[in-house]
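Structure at a glance
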Amino acid sequence: MSSFSYRNGITSKGVGMKLDNYSSKSSSSFKSKVQSTGSSIRRSSTGSVGGGSKDDSAVSGRVRVAVRLRPRNAEEMVADADFADCVELQPELKRLKIRKNNWDSDTYEFDEVLTEFASQKRVYEVVAKPVVESVLDGYNGTIMAYGQTGTGKTYTLGRLGEEDTAGRGIMVRALENILAEISPETDAVSVSYFQLYMETIQDLLDPANDNISIAEDPKNGDVSLPGTTLVEIRDQKSFVELLRMGEANRFAANTKLNTESSRSHAILMVHVKRSIKGRNSSLSTESTGKTLKAPIVRKSKLVIVDLAGSERVEKSGSEGHTFEEAKSINLSLSALGKCINALAENSAHVPVRDSKLTRLLRDSFGGTARTSLIITVGPSPRHRGETSSTITFGQRAMKVENMLKIKEEFDYKSLSRKLDVQLDKLIAEHERQQKAFQDEVERIALEAQKRVADAELNYADALEEEKLKYQKDYAESIKKLEEQRAEKQEKHGQQKVKVGPANDGIDQKSNSELSTSGEVAKIKNMHQNEILLRKAAEAEVNNLRNQLTQWKKTEAARNDEISKLHKLVEDEAHQKARLEEEIAILRSQLLQISFEADRTRRNLDIGGNGELSGSLDSLIPQVKHQQPRDSGDGEKASMVKLFEQVGLHKILSLLEADDADVRIHAVKVVANLAAEETNQEKIVEAGGLTSLLTLLRSSNDETIHRVAAGAIANLAMNETNQELIMAQGGISLLSLTAANAEDPQTLRMVAGAIANLCGNDKLQVKLRADGGISALLGMVRCRHPDVLAQVARGIANFAKCESRTISTQGTKAGKSLLIEDGTLPWIVQNANNEASQIRRHIELALCHLAQHEANTKDMINGGALWELVRISRDCSREDIRTLAYRILKSSPSFQAELKRLRVDYG
C-alpha cells in the first residue's frame, strides 16, 4: 500500500493518486480547517495585553500567503496567442493549478487566490488590512511581494494612484488606514524608506547616505537601521510626496522581461507609537511617598517589502552591470528561500546571516511579526518554470509559524515632561504668591506711614488750636481783670472823696485782691489741663509708633516665610533630580526583568523540546537537567544587582499588596527570578512558593493566575520543590485554575507546571488522586497547539514514570492509571498530530504504555496498535521508531493480534 501525505496544498511527488481524485468531503474539511485556523489566530493576535512585560502573552500566527495572477501583456498576447495559460485559478476554492501538459496538472491551496480581475482595494483588504489592524493593536507586521520580474509586485505595493485613486497600492492605502485610526495629539507615525542594492543599504530619502549599517539589539535581537532618515508623517499628502521622491531614487533597468525592472529590494518601515487610553502604571517613590501615573505606550512597526524580481539571465538578457545586479538579486532571494526552508522544516539552524535581506526580515519569518506574503505570477507558458518556483516558495512560507508579541513600555519622556510642567507651575505660583505678599507688605507699610503722618498732623493742629484758644482766653481774662481793677480803682477814688469810716476802704481792697487770686487759680487749672492733653497726644503718637514697629516685625516674619518658600523651591528641584534617578533605576530594573523573562522562556522552550533523546530508560530526562548551566557572568551579576536594589523579601511582600497592578508586577518579577535555578531555593525559603499558591487560591485576576502558574512551573523543575508543591495542595489549586481559565497562555503555564510534576516517580498516585490527570485531559478543550504540547508532555512524563515503576516491580503493577482515567482515546487521536512537538510526546507516551503487557488489551481495542505500527515505520525519530519496532516484536499480545489480522510484521 502506498502512503500519501498532503499538507498546505503541496502534492507529493511519486504518488500515483491525484489531488483531483480526492472526495469533496475531504477537500471541504481541509478548507474549513485552514479558515478556522486563520480566524483563531486573528482573534488571538488582537487581544489586549496587561502589565509591563508582554513576553507571557505571545500567540502563534502562521505566515499568510496569497497569490495574484497578472493578466497577459501585449507581448504575450502575440507570442502566446496559440497557447493556453499555464495557470488556472479556482478562487472560490482558494486553489491554483499549474498545467504540466494538456492532461496533467499540479494543484495547490493558498489563503487567498486573486484573479487578474481583482481590484487593488480587494488585494489590500485580504492581504494587507489584517496586518495593518494588528500594527494598530501594537504588534509588528510585514507585507511582502515575491515573484518573477514583471509580474506586478511594484504595481501591487507601491502604485501611487495619482491619476486613478482606485489604482492606489498597498503602501498608500496602509498609511491612509493608519492615519485615520490614530490620534494626532497622543500618537505618532514616522517612516523610513530605503533600498537594498548589491548588498548595500541606501537611503531613498537621502541618496547621499548610501552605506547604512544594520544594528542588532544584543538582548532581544531586534534589527534597526539608525542611519536612515526617519520622517514624521502628519497627513497623506506629505507621505505620497516621500514615496514619489523615494521611487525616483530607486535603481531600475530595461530588460527583455520588463521595461522598468527594479534592480533593488525596496523596504518601507512605518513606526507607530500609540498611547493606551485609561492605562497607567503606578510608580511609588520612597522619598516623596507620592504615586506617579506613568502612561503606557505601544510601539509597533509595519514593514512593506517590494522584492526585486527573480529572473533567469538567458530570458532577461542581462549583461554587464545589469548581469551583476541580477546575480546579487538572485543570491539574496536564494538566501531568503533557504531561511524559509529551514523554518518550514523546524531546522535547528536558520542561516539568517547569509544576506542583509534575511537579516532585515529576521522578525518577519519565525519572529514576532504578523506576516502576509503576496506572490505574483504571470500566465505565460514560456515562464512555467519560474511560476512553479514562485508557487513552491509560497507553499513553504505557509509552514512558517511566528509568535506574535505586543511591545508595551512606560512613556518616561511623557512623565518627565509632565513633571517639568508641574514644577514650572509650582514655581510660577510661588513667584506669584511671593510678589502678591511683597505688594501687600508695601501697601500696609505705606498705609501705616500715612496714618501716622495724618495722626501727627491732626494732633499738631488740635494742640495749636487749643493753645491759641487758651492764650485767647488768658488774654481775655487779663483784660477783664484789668477792667475790673480799673473800675474798682475808680470806685475806690470816689469813695476816698466821701467822708466815711476808714475801714470801709480796707474791706473793699481785700475783696478785690481775693477776686484776682481766684482768676489766677482758674488760669493755672486751664494750663494744667493743656499739659495733660498734650501728654495724651504724645501717648497716642507713641502708640502709633509701636504699631508701626509691630508692622515692621510682621514684615520681617513675612520675609522669613519668603526665604522658606525659596528653600522649598530648591528642595523641589532636588526632589526632581532624585525622581529622575529613580525613574532611571526603574527603567533599568524593567529592562532587566524583560531580559530575564525572555531568557526564561527560551530555557523553558529548550526544556520542552529536548525530552525525546536517549533510550527507553532515559527517554525523558528531568526538565531541571535541561536548564542551561553556563549562564554568563553578566547575567548572574545583573540578577545579584536586582536582589541588592530591591530585595527578595520586599518583592514577596508586594504579592499581598492591595493594589492589583502592584501584585501583577510583583508576581512577574518572582516568575522571572524563579527561572534562575540559583534563585529557586531562596524563593522557597522566603515563603515565595506559599505566596504563589495563595495567589492562585485567592485571586480572580487572569494575569496573576497565568504568571503565578508560570512561576510554579519554574519551581517545579526541582524535585524537592515538587514534593513541597504537592504537600501544600498545589496540584488541586492548579487543577481548579485550569478548570476556570479560558486564556491559552494561562492554560499553557498550568499544563507546564503539572507536566513537570508528572515527572516525579514518588508523586504518581497522589497526583492522580488530586485530579492532575483529569486536569490535563480537561485542558485539551482549548485546542491551542502550545497547550496541547504541554498536555502531551505531561502524559509522556507520567507514562515514563509508570514504565520505570513497572520495570522495578515486574508484573505486580496493574493497568496504567492513564488508561484508567480515559486518556487513551485522546492519545490515539493525536498520535499523528501535524504539530511535531505534540506528535513526538504522544508517540513516546504510546511506546511507554505498550511496554506493559497489562495495557495491551486496551490499546488493541482503542486502536493504538495501528499507531504503534505507523510509528515503527514512519516516525522521523530513529530512536522512537526502533523502540516501537522492538515493543511490537517482543509483545505476545501484539504479535497475536497482528497474526489474527494477517499482517506480516517481520
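Residues numbered from 1 in each chain as written. Predicted model: local features only at pLDDT ≥ 70, side-chain atom pairs only at ≥ 80, totals over all residues. Heavy atoms only, no water.

Some points on the overall build of the chain
Inclusion rule: The secondary structure listing takes helices from DSSP runs of H or I that are at least 4 residues long and strands from runs of E that are at least 2 residues long, numbered from the N terminus. Only protein chains enter the area calculation, which uses a 1.4 Å probe; residues under 20% of their type maximum are buried, those over 50% are exposed, and those in between are partly exposed. In this analysis, two residues are considered to be in contact whenever any of their non-hydrogen atoms come within 4.5 Å of each other. To measure how exposed things are, a 1.4 Å probe is used in the Shrake-Rupley method; for residues, cover is taken only from the protein chains shown.
Along the chain, the regular secondary structure elements total 31 helices and 21 strands. Classification of the 906 residues of the chain by burial places 46% in the buried group. Restricting to contacts in the chain with at least 6 residues of sequence separation, those with at least 24 account for 73%. For the chain, the computed accessible surface area is about 45600 Å², with 51% contributed by carbon and sulfur atoms.

Regarding the pairing of strand β7 (residues 105-109)
Going by this rule: Strands are treated as partners if at least two bridges between them are detected by DSSP.
Burial analysis of β7 places five of its five residues in the buried class, the great majority of the element. Where burial is concerned, the two faces of β7 agree: the one with S105, T107 and E109 and the one with D106 and Y108 are both buried. Where strand β6 (residues 95-99) and β7 come together, five bridges link them in antiparallel fashion. Its bridge partner lying in β7, L96 is registered against Y108. Where β6 folds back on β7, the antiparallel hairpin that results is connected by five residues.

With respect to the nonpolar core
To keep it simple, the criterion reads: Among buried residues, those of type Ala, Val, Leu, Ile, Met, Phe, Trp, Tyr and Cys that are joined through side-chain atoms within 4.5 Å constitute a nonpolar core.
Residues I754, M779, V791, W826 and M859 are the most contacted members of the largest nonpolar core, which totals 88 residues. Counting residues per element, this core draws most heavily on helix α24 (residues 785-809), which supplies nine residues. When residues no more than four places from it in sequence are discounted, the contact partners of V791 are A751, L776, M779, V780 and W826. Membership of the second largest hydrophobic core comes to 43 residues, among which are Y146, L336, I340 and I391.

A short note on the packing of helix α17 (residues 688-698) against helix α20 (residues 730-740)
Which entries qualify depends on this criterion: Structural elements are reduced to axes, namely lines fitted to C-alpha atoms, with helices fitted over the stretch in contact, and the angle between N-to-C directions of any two is expressed from 0 to 180 degrees. Crossings are classed by handedness, with left-handed meaning an anticlockwise turn of the near helix from the far one by less than a right angle and right-handed meaning a clockwise turn. For this scheme, ten residues count as nonpolar: Ala, Val, Leu, Ile, Met, Phe, Trp, Tyr, Cys and Pro. Four count as charged, namely Asp, Glu, Lys and Arg, and the remainder, Gly too, count as polar.
Where α17 contacts α20, the two axes come as close as 10 Å, and the packing angle between them is 40°. α20 is crossed by α17, and the crossing has left-handed handedness. Taken together, the residues of α20 that come into contact with α17 (itself represented by L693, L696 and R697) are G730, L733, L734 and T737. Per-class residue counts for the contact of α17 with α20 are four nonpolar, two polar and one charged.

With respect to the packing of aromatic side chains
Rules: Aromatic pairing here means that ring centres of Phe, Tyr or Trp (its six-membered ring) are within 6.5 Å. Orientation follows from the plane angle: under 30 degrees is stacked, over 60 is edge-to-face, and everything else is tilted.
Throughout the structure, instances matching the rule amount to two aromatic pairs. Ring plane angle 10° and centroid distance 3.8 Å describe the contact between Y146 and F393, whose orientation is recorded as stacked. Placement of the pair is Y146 in strand β9 (residues 141-147) and F393 in helix α10 (residues 384-397), with a sequence separation of 247 residues. Side by side, Y146 and F393 carry an identical accessibility label, which is buried. Between the aromatic rings of Y197 and F251, the centroid separation amounts to 4.0 Å while the plane-to-plane angle is 15°, which identifies the pairing as stacked. A residue pair is termed long-range when its members are at least 10 positions apart, and Y197 in strand β10 (residues 188-197) and F251 in the loop between α6 (236-249) and β15 (252-253) qualify at 54 residues. Residue classification places Y197 among the buried positions, given a relative accessible area of 8%.

Describing the packing of α17 against helix α18 (residues 702-715)
The contact between α17 and α18 brings their axes to 9 Å, and the two run at 145°. Handedness of the α17/α18 crossing: left-handed. In this structure, α17 contributes L689, L692, L693, L695 and L696 to the contact, and α18 contributes I704, H705, A708, A711, I712 and L715. Counted by class, the contact of α17 with α18 contains 10 nonpolar, one polar and no charged residues.

Structural notes on the side chain of E325
Short version of the rule: In protein, a polar contact requires one atom able to donate a hydrogen and another able to accept it; more generally it is a pair of N or O atoms within 3.5 Å, and residues adjacent in sequence count only if both atoms are side-chain atoms.
Note on placement: E325 falls in helix α8 (residues 321-344). For E325, a relative accessible area of 6% translates into the label buried. In this structure the side chain of E325 is engaged in a polar contact, spanning 2.5 Å, whose partner is the side chain of Y197. Leave out the neighbours within four places in its chain, and E325 touches Y197, M198 and R263.

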